[in-house]
Amino acid sequence: MKKKRVLVTGGSGFLGSHLCERLLEMGHEVLCLDNFFTGNKGNILHLIDNPYFEIIRHDVTFPLYVEVDEIYNLACPASPIHYQFDPVQTTKTSVHGAINMLGLAKRIKAKIFQASTSEVYGDPKIHPQPESYWGNVNPNGVRSCYDEGKRCAETLFFDYNRQHGLRIKVGRIFNTYGPRMAMNDGRVVSNFIIQALRNENITVYGDGAQTRSFCYVDDLIEGMIRFMNETPDTFTGPMNLGNPVEFTILQLAETIITMTHSSSRIEFDPLPMDDPMQRCPDIQLAQKAIDWAPQTTLENGLEKTIHYFKPRLKALK
Ligand code: NAD
Ligand code: UDP
Ligand code: UDP
């Protein structure tokens, strides 16, 4: 494979750091861009000595002038706590960030991947969700900065494709977990593991009957790489990337308590506003287009994630 220069925005975040690592392993040169809002230098520390790895501190809402062959646009806070912390900045990051990265891609004729999300389906009325479903999204709720920001970013990607002939790949990522999730970002997998390891109450929001389907990070990165490299330029997506095995949040809590041998008990807290009741990807398109399906079971993925968090929690004591 030809050595490429690849820009990863949000490269020091959870998914971005795994993607940078994978691209370097493939023999590419990586420019990791981040403003370190939710990203963490610790996630990429082990890559810094690699002469083909470079870090740029930059906010994607401002223009950027670099020369690369490909762009993966991941910059955006992803957990509800973080994207609701400064909602106006979240929309700016999605929308202005997309405009700037698309403007850059247009000038340098680079292929560009957008990290879109299952949140574009909102609280879905169709189950599981195929790409053809337009979603059920509140335009002015507390999640809207993220959901509508990502929807507008998709609009921009498709308009740059239609209007300027840009080579775009839009991946709709469903809940993904694994090592390097931020401890404080409040997402369900990291919250439950940390609570269980500390023998604290497990905070289930609502009655825990809402569902999610959890994809292990390595599977997700494999899907992104195949989408970018193994589909023709005419294939833009949107394409779902996620694990089609669905669990209730209560099942997740019980599984994590068992796996960590924890004495934690389950506590039921109020369900946040607009929290989707069910979510599960239809991945037939990814199966057909890139011969992809997640390989890691929830137990195996959780084991690796628990293994990641354990020593880090001990170090905090
Ligand atoms: P993350 O918060 O760990 O990573 C996001 C990164 O973007 C962080 O390093 C953060 O500092 C950086 N960032 C935020 N605003 C920025 C800005 N204005 N300029 C430059 N950098 C900025 O989250 P993640 O889980 O790694 O998510 C990465 C991408 O994937 C996001 O776009 C997210 O919406 C998308 N996604 C993730 C999931 C998931 O389950 N992890 C699901 C759907 C979509
Ligand atoms: N842009 C950038 N880097 C580039 C080219 C463009 O950051 O190399 C940004 C710039 O801020 C511009 C935006 O991308 O406003 C959109 O670019 P485009 O060429 O589509 O439109 P313009 O606004 O320049 O007419
Ligand atoms: N959740 C929970 N307890 C927590 C954190 C989250 O019950 O401590 C629930 C949350 O209400 C949602 C699901 O778990 O129904 C997934 O939440 P997360 O924030 O991980 O992702 P998203 O809602 O964006 O899918």
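Reading guide: rules and limits
- Residues numbered from 1 in each chain as written.
- Chains lettered and ligands numbered in written order.
- Predicted model: local features only at pLDDT ≥ 70, side-chain atom pairs only at ≥ 80, totals over all residues.
- Heavy atoms only, no water.
- Helix = DSSP H or I, 4+ residues; strand = E, 2+ residues; numbered from the N terminus.
- Rg over C-alpha atoms; globule rule 2.2 N^0.38 Å.
- Buried < 20%, exposed > 50% of the residue type's maximum accessible area, 1.4 Å probe, protein only.
- Areas by Shrake-Rupley, 256 points an atom, 1.4 Å probe, with all protein chains shown as cover.
- Lys, Arg positive; Asp, Glu negative; His and termini not counted.
- Charge placed at Lys NZ, Arg CZ, Asp CG, Glu CD.
- Salt bridge = Lys/Arg side-chain N within 4 Å of Asp/Glu carboxyl O.
- Near = heavy atom within 4 Å.
- Polar contact = N/O pair within 3.5 Å; in protein donor to acceptor, adjacent residues only side chain to side chain.
- Nonpolar A, V, L, I, M, F, W, Y, C, P; charged D, E, K, R; others polar.
- Patch = residues over 30% accessible without salt bridge, like charges linked within 9 Å, V, L, I, M, F, W, Y side chains within 5 Å.
- 1 Å grid on protein atoms, 1.4 Å probe; cavity = no way out; pocket = protein on both sides within 12 Å on 5 of 7 lines; lining within 4 Å.
- Points joined across faces, edges and corners; volume = space filled by probe spheres on them.

Across its full length, the protein carries 9 helices and 13 strands. Here the C-alpha atoms of the protein give a radius of gyration of 19 Å, agreeing with the 20 Å that 2.2 N^0.38 yields for 317 residues. Along the first, second and third principal axes, the C-alpha atoms of the protein reach 55 × 45 × 40 Å. Out of the 317 residues in the protein, the part that is buried amounts to 55%. Element-wise, carbon and sulfur atoms account for 52% of the exposed surface of the protein, whose accessible area totals about 14,000 Å². Each charge class in the protein can be summarised by its mean position, and for the 33 positive and 36 negative side chains these summaries are 5 Å apart.

Time to look at the pattern of salt bridges. This structure, assessed with the given rule, holds 14 salt bridges. Salt-bridge contacts for Arg22 lead to Glu222; the nearest nitrogen and oxygen are separated by 2.8 Å. Taken together, the residues Arg22 in helix H1 (residues 14-25) and Glu222 in helix H6 (residues 217-230) connect sequence positions 200 residues apart. A relative accessible area of 22% places Glu222 in the partly exposed class. For Glu222, the salt bridge goes to Arg226, with nearest N and O atoms at 2.7 Å. Remark: Arg226 and Glu222 occur in helix H6; sequence separation between them is 4 residues, near one turn of the helix. A single network of salt bridges, built from pairs that share partners, joins Glu119, Arg143, Arg212, Asp275 and Arg279.

Close to ligand 1 lie 32 residues; Leu15, Asp34, Thr38, Tyr146 and Lys150 are nearest. A distance of 2.8 Å separates an oxygen atom of ligand 1 from a polar atom in the backbone of Leu15. Note that a nitrogen atom of ligand 1 is positioned 3.0 Å from one of the backbone N or O atoms of Val60. When ligand 1 sits alone it has 820 Å² of accessible area, and the protein chains cover 97% of it. Of all elements in the fold, only H1, strand E2 (29-34), helix H3 (87-108), strand E5 (111-117) and helix H4 (144-164) reach the threshold of two or more residues within the shell around ligand 1. Here the shell around ligand 1 is built from residues that sort into 15 nonpolar, 13 polar and 4 charged.

What follows concerns a positive patch on the surface. A contiguous patch of positive charge, built from Arg198, Lys310, Lys314 and Lys317, is present on the exposed surface. Within the secondary structure layout, Arg198 lies in the loop between helix H5 (188-197) and strand E8 (202-205).

So, about empty space enclosed by the protein. Taken as a whole and judged by the stated rule, the model has 1 cavity of 30 Å³ or more. Within this model, the largest cavity holds a volume of roughly 30 Å³. In terms of lining, the largest cavity is formed by Asn73, Ala75, Cys76, Thr93, Ser94, Gln114, Ala115 and Lys150. Mapped onto the lining of the largest cavity, the elements with two or more residues apiece are H3 and E5. Residue classes in the lining of the largest cavity are distributed as 3 nonpolar, 4 polar and 1 charged.

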